[in-house]
Amino acid sequence: MTQRDSNHERPVRTDEQSHNTANKTRKRTDQRALYQSMLRWSGRLGTRLRRLFWGLVLLLLAGGTLGLGLAGGYFIGLVETLPQPNAQEIRQTLTEVSETSEFLDRDGKHLSDIHSDLDRRTLKNEDLPKIVKEGLIATEDENFPTHPGVVPSALIRAALSQIFKGNNPSGGSTITQQLIKQQLLTNERSLDRKAREMLLALHAEKYLSKDDIITAYLNVSPFGRNYQGKNIAGIETAAQGIFGVSAKDLTLSQASYLVGMPQNPYNYSPYTPEGTLKDKADLKPGLERQQYVLERMYIEGYITAIEYDKAKNEDVTQSFRQPVGKVEDEETTIDPYLYQALEQEAIQILAKQIAESEQINWDTVDKDTLNRLYQQAQTKLSTGGLQVESSIDPILYQQLNQQMQNTVSGLGTTYTDEVTDENGKKTTITEGVQNGAVLMDNATGEVLAFVAGRDFNKNQVDHAFASRRQPGSALKPILTYGPALEEGIAGPSSILPDTTIRWQQEDGSYYEPKNFGATVSNQLLTYRYALAHSLNNPTIYLYRELLDRHVDIKHYAEAMGLKQAIDPSEYKNMALPIGGLATGPTVAEVTGAFAVFANGGTYHQPHLIKKITTKQGDTLYSAPSEATRVFSEDTAYVVGDVLREVWKTGTFAPVKDQLPAHTDWYIKTGTSEDFNDLWVAGSTPTITLVSWGGYDNQKTKHTFIDSAANLDEPGTRHDRYWAGLLNALYSSNPSLFGVNQSFYRPKSVTEKQIIPQTGTLPGKITTPNGTMTLPDNRATQKELFTKNFQPPKASFDFAIQATDEDKMRQLQSLGLSNR
């Protein structure tokens, strides 16, 4: 096939063609001059005189001119009260078209188109092939290069149609009018709409160039369906979806087929909604339309007789793309959990931007307005031609989820239960353990990979970003130990009581927490030991000390992204420091909060979306790069050093051999009441990986404690699972984990000798029964201190929230006596 490029010149015309063209040009010029003159004169008159003017036109003019006067007068009467849009409104409305948006990975590579009812790609005017423009003009609007937006004869047809056919005017719309109809008006067939269409067309021609108008038309117009059964719009998408080539590479035969489609796109489309090729009978209308387009191009002189004959005899059906059947978006090519999470975060970002532009307070917005904002954001995302650059590393994402699929069944038993619904109907359901995990870059808050669930077809709950669970002990360093050190109240050497708690609550009941295994040691232990071994009672005592000293725990929690996880009324709840929450955090929220210690005390909000840009490259959104200072650098380092103890001697120690060599770790485990939830949070200097395991229990009630007896203790089981996720990632990308890197130790962190049983320096202590001396030789332990928390002097108040009896017993354990 011969292919014409965009630089194709018009053929040399014969004398007869030139004569006919000259006559048509003079006719168009005369009509346009008369029309503009009449509008100009009528515009200078008042309403009554204007009607009189058109009445005189009716009386004085005859034939075609009389018809022109009739139509023009009726038109003027209809549009007198219509609002007139300004240049900016016209340009924005007509040239901005819906276009397919896409998700990109962290390297800017395509991940997925964003689901929409319409697939569209737009072109700039200079990228539109001349042959397509010429075909459109020849077929739809031969006067397009010269008319002012409407053709005067169309006024006659519209008015006469109204008179003789009622409220159902005839067509005859110019390309400009067709664009107006597609972008601004409804498909209603009435003279009122026709009048508005004509008026707006005049405005469009005033503010837009011919190139602007025809470019917008070719980008806006529908072209039926493509070889996958998808709805398509725009000449570029049509060229690719029907012929498998870019618009610039269309042959004359192909271009003429596409040019004819917008008038009846689904009738002329070669493909069915199921993504199959129509049979011969159903292809006939489109092929006949193509022949008409070629004929019009020849008559108007855009192609030669030779080109016409060649294209007319080509079998364009031979270049149709081979149909592949209905393709439902791209759910088969991108993990639906990933798509769902990206879409929801992008919509949230755009909705907040819309709210800000409308001066709406996001924190207090009502439900109806919120729904409207989300709907507008959804539309903008799916049809705005946006490029949404994510933080996702596809390789890491695949590896993390593959490891989950390989090992998650070992976390807990899969249960089969018979449940009865409200109508008494019994059904059998299967309840398997679920997992949520998030891998985050510490320096930016960018989520590199995540696990949201096991099987999207069976369970669409996002266990990484949406599901809120009881955090257990995972929040102990975040809500208690970190703030205590930052406020200078307690540090690793501080002594805390691990003694019985029985506190009466407001409802008269008693709060009686215990450590794991329902044990209480009745000893005084160090802050370091209590956190490393995740003891509950010492944590609760320390938290009560913070409240007694009016420490604003809420400020710390919200600075670490936990505003939605904790209700303001819960901060006085003594179960809070050990994870007793009404709502609880998401895995992503725990990830961001825990990473504060690895980040030297600063918080980066975990996020999936790095940037949102328009097709033109304008940035609509960039993820904030600023970090929030929560703790000082020395607080972060010292708490982190205690979290090293978790895997060295504490709760994670049974699994420490599975940590990669030459990596430095801060780790915290967590278990909620009755083993409903299992957590592990771990950070290296570069990344943080957090995992949660549990049952959704939407219709049943299962916990890890119900699991088979031959399995490990649930916490250790999940620790091994977390280590498996970690090593699957490490095996392919060790550098991700900061191999051979250590956490930065600020100069303000000092190391001093203290007495381990009191956490103090040596010296005299005045007790209720006399005086004791802590000798220098008892200062046998080195411990870390910060600028805000230095080794306390010897004092009988050495143990936080402890009774005098407990403190005396501790001193006596040193072999000391009162004098």
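Residue positions are given per chain, counted from 1 along the sequence in the order it is written. With the structure being a predicted model, the display of local features is reserved for residues of pLDDT at least 70 and the display and counting of side-chain atom pairs for 80 or more, all residues being used for whole-chain, interface and lining totals. Derived side-chain values reflect all non-hydrogen atoms in the structure, with water molecules and hydrogen atoms excluded from consideration.

### Some words on the pattern of salt bridges
Piece 1. The term salt bridge refers to a pairing of a side-chain nitrogen on Lys or Arg with a carboxyl oxygen on Asp or Glu at a separation within 4 Å. Here the structure, examined in full by the defined rule, presents 26 salt bridges.
Piece 2. Among the salt bridges present, the one from Arg468 reaches Glu589, with a minimum N-O distance of 2.7 Å. Here the residue Arg468 occupies a position in the loop between β10 (447-451) and α18 (476-486), and Glu589 occupies one in helix α22 (residues 587-598), the gap between them amounting to 121 residues.
Piece 3. For each residue, the accessible area found with a 1.4 Å probe, counting protein chains only, is set against the maximum for its type, and the residue is called buried under 20%, exposed over 50%, and partly exposed in between. The exposure class assigned to Glu589 is buried, which follows from its relative accessible area of 15%.
Piece 4. With a closest N to O distance of 3.9 Å, Glu805 and Arg809 form a salt bridge. Here Glu805 and its partner Arg809 are both found in helix α25 (residues 804-812), 4 residues apart, which amounts to about one turn of the helix.
Piece 5. Accessibility expressed as a relative area gives 58% for Glu805, which makes it exposed.
Piece 6. Within this structure, Arg528, Asp641, Arg644, Glu645, Asp664 and Glu783 form a network of salt bridges that share partners. Helix numbers and strand numbers start at the N terminus; a helix is a DSSP run of H or I with at least 4 residues, a strand a run of E with at least 2.

### A few points about the sheet that holds strand β21 (residues 687-694)
Piece 1. When DSSP finds two or more bridges between two strands, those strands count as paired. With antiparallel pairing, the 5 strands of this open sheet are ordered in space as β10-β9-β21-β20-β19. Both outer strands of the open sheet, β10 and β19 (666-671), are each paired with one neighbouring strand and no more. Along the sheet, successive strands turn relative to each other by an average axial angle of 5°, direction set aside.
Piece 2. The pairing of strand β9 (residues 434-441) with β10 spans 4 bridges and is antiparallel. Within β10, the residue paired with Val438 across the bridge is Phe450. All axes here are fitted lines through C-alpha atoms, helices being fitted over the stretch that makes contact, and every angle between N-to-C directions spans 0 to 180 degrees.

### A word on the sheet that holds strand β16 (residues 609-613)
Piece 1. Pairing in this open sheet of 5 strands is mixed, and the strands run β2-β1-β6-β16-β17 from one edge to the other. For this open sheet the edge positions go to β2 (110-113) and β17 (619-622), each flanked by a neighbour on one side alone. In this sheet, neighbouring strand axes are inclined to one another by 20° on average, regardless of whether the strands run parallel or antiparallel.
Piece 2. Of the strand pairs in this sheet, strand β6 (residues 387-390) and β16 are connected by 4 bridges, and their pairing is antiparallel. Across the sheet, Ser390 pairs through a bridge with Ile609, a residue of β16.

### With respect to the packing of aromatic side chains
Piece 1. Pairing of aromatic side chains requires ring centres within 6.5 Å, counting the rings of Phe and Tyr and the six-membered ring of Trp. Pairs whose planes differ by under 30 degrees are stacked, by over 60 edge-to-face, and all others tilted. Using the criterion set out here, one finds 22 aromatic pairs in the structure.
Piece 2. Judged by centre distance (6.3 Å) and plane angle (45°), the rings of Trp665 and Phe737 are tilted. Remark: Phe737 occurs in the loop between α24 (714-730) and β22 (750-754) and Trp665 occurs in the loop between α23 (633-648) and β19; sequence separation between them is 72 residues. Across the pair, exposure class does not vary: Trp665 and Phe737 are buried alike.
Piece 3. Centroid distance Phe785 to Phe789: 6.1 Å. Interplanar angle 20°. Geometry classified as stacked. As far as the burial class goes, Phe785 and Phe789 line up, both buried.
Piece 4. One aromatic cluster is present, formed by Phe652, Trp665, Trp722, Tyr730 and Phe737 through successive ring pairs.
Piece 5. Definition used: whenever NZ (Lys) or CZ (Arg) falls within 6 Å of the ring centre and also within 35 degrees of the ring normal, the charge is taken to sit over that ring. If you follow Lys210 out to its NZ or CZ, it ends over the ring of Phe144, 4.5 Å from the centre.
Piece 6. Above the plane of the ring of Tyr510 lies Arg502, whose end atom (NZ or CZ) is 3.7 Å from the centre.

### Some remarks on the nonpolar core
Piece 1. Among buried residues, the Ala, Val, Leu, Ile, Met, Phe, Trp, Tyr and Cys ones that are joined through side-chain atoms within 4.5 Å form a nonpolar core. Core analysis: the biggest nonpolar cluster contains 135 residues, and Phe450 and Trp722 have the highest contact counts within it.
Piece 2. Ranked by residues supplied to this core, first place goes to helix α15 (residues 336-357) with 12 residues.
Piece 3. Contact criterion: two residues are considered in contact whenever any of their non-hydrogen atoms come within 4.5 Å of each other. Excluding anything up to four places from it in sequence, Trp722 contacts Phe652, Leu659, Trp665, Ile667, Val680, Gly682, Leu689, Val690 and Ser691.
Piece 4. The next biggest cluster of nonpolar side chains, apart from the first, holds 54 residues, and it includes Met198, Ala204, Tyr217 and Ile235.

### Some thoughts on the layout of surface pockets
Piece 1. Using a 1 Å grid laid over the protein atoms alone, points where a 1.4 Å probe fits but cannot get out form a cavity; open sets with protein on both sides within 12 Å along at least 5 of 7 lines form a pocket; any residue with an atom within 4 Å of a point counts as lining. Grid points are joined across faces, edges and corners, and a volume is the space filled by probe spheres set on the points. Size it by volume and the largest pocket reaches roughly 1400 Å³.
Piece 2. Gln348, Lys352, Glu589, Gln605 and Pro606 are the residues nearest the centre of the largest pocket, which is lined by 35 residues in total.
Piece 3. Put simply, the parts of the chain that give the lining of the largest pocket at least two residues each are α15, α16 (367-383) and α22.
Piece 4. Three categories are distinguished: nonpolar for Ala, Val, Leu, Ile, Met, Phe, Trp, Tyr, Cys and Pro, charged for Asp, Glu, Lys and Arg, and polar for the others, with Gly belonging to the last. Of the residues contributing to the lining of the largest pocket, the split by class is 15 nonpolar, 11 polar and 9 charged.
Piece 5. Roughly 1100 Å³ of volume is contained in the second largest pocket.
Piece 6. Lining the second largest pocket are 40 residues, with Asn515, Phe516, Asn536, Thr671 and Ser672 sitting closest to its centre.
Piece 7. Where the lining of the second largest pocket is concerned, the elements lending two or more residues are β19, β20 (677-683) and α24.
Piece 8. Its residues assigned to classes, the lining of the second largest pocket comprises 12 nonpolar, 20 polar and 8 charged.

### Comments concerning the side chain of Asp719
Piece 1. Relative to the elements of secondary structure, Asp719 occurs in helix α24.
Piece 2. Ignoring any residue separated from it by four or fewer positions in sequence, one finds Asp719 in contact with Thr651, Phe652, Val655, Thr669 and Val680.

### Section: the environment of Phe223
Piece 1. The residue Phe223 is located in strand β4 (residues 222-225) in this model.
Piece 2. Between the alpha carbons of Phe223 and Asn267 there is a distance of 9.8 Å; along the sequence they are 44 residues apart.
Piece 3. Every residue in contact with Phe223, bar those within four places of it in the chain, is listed here: Leu218, Ile232, Ala233, Gly234, Ile235, Ala238, Ile242, Leu258, Met261, Pro262 and Pro265.

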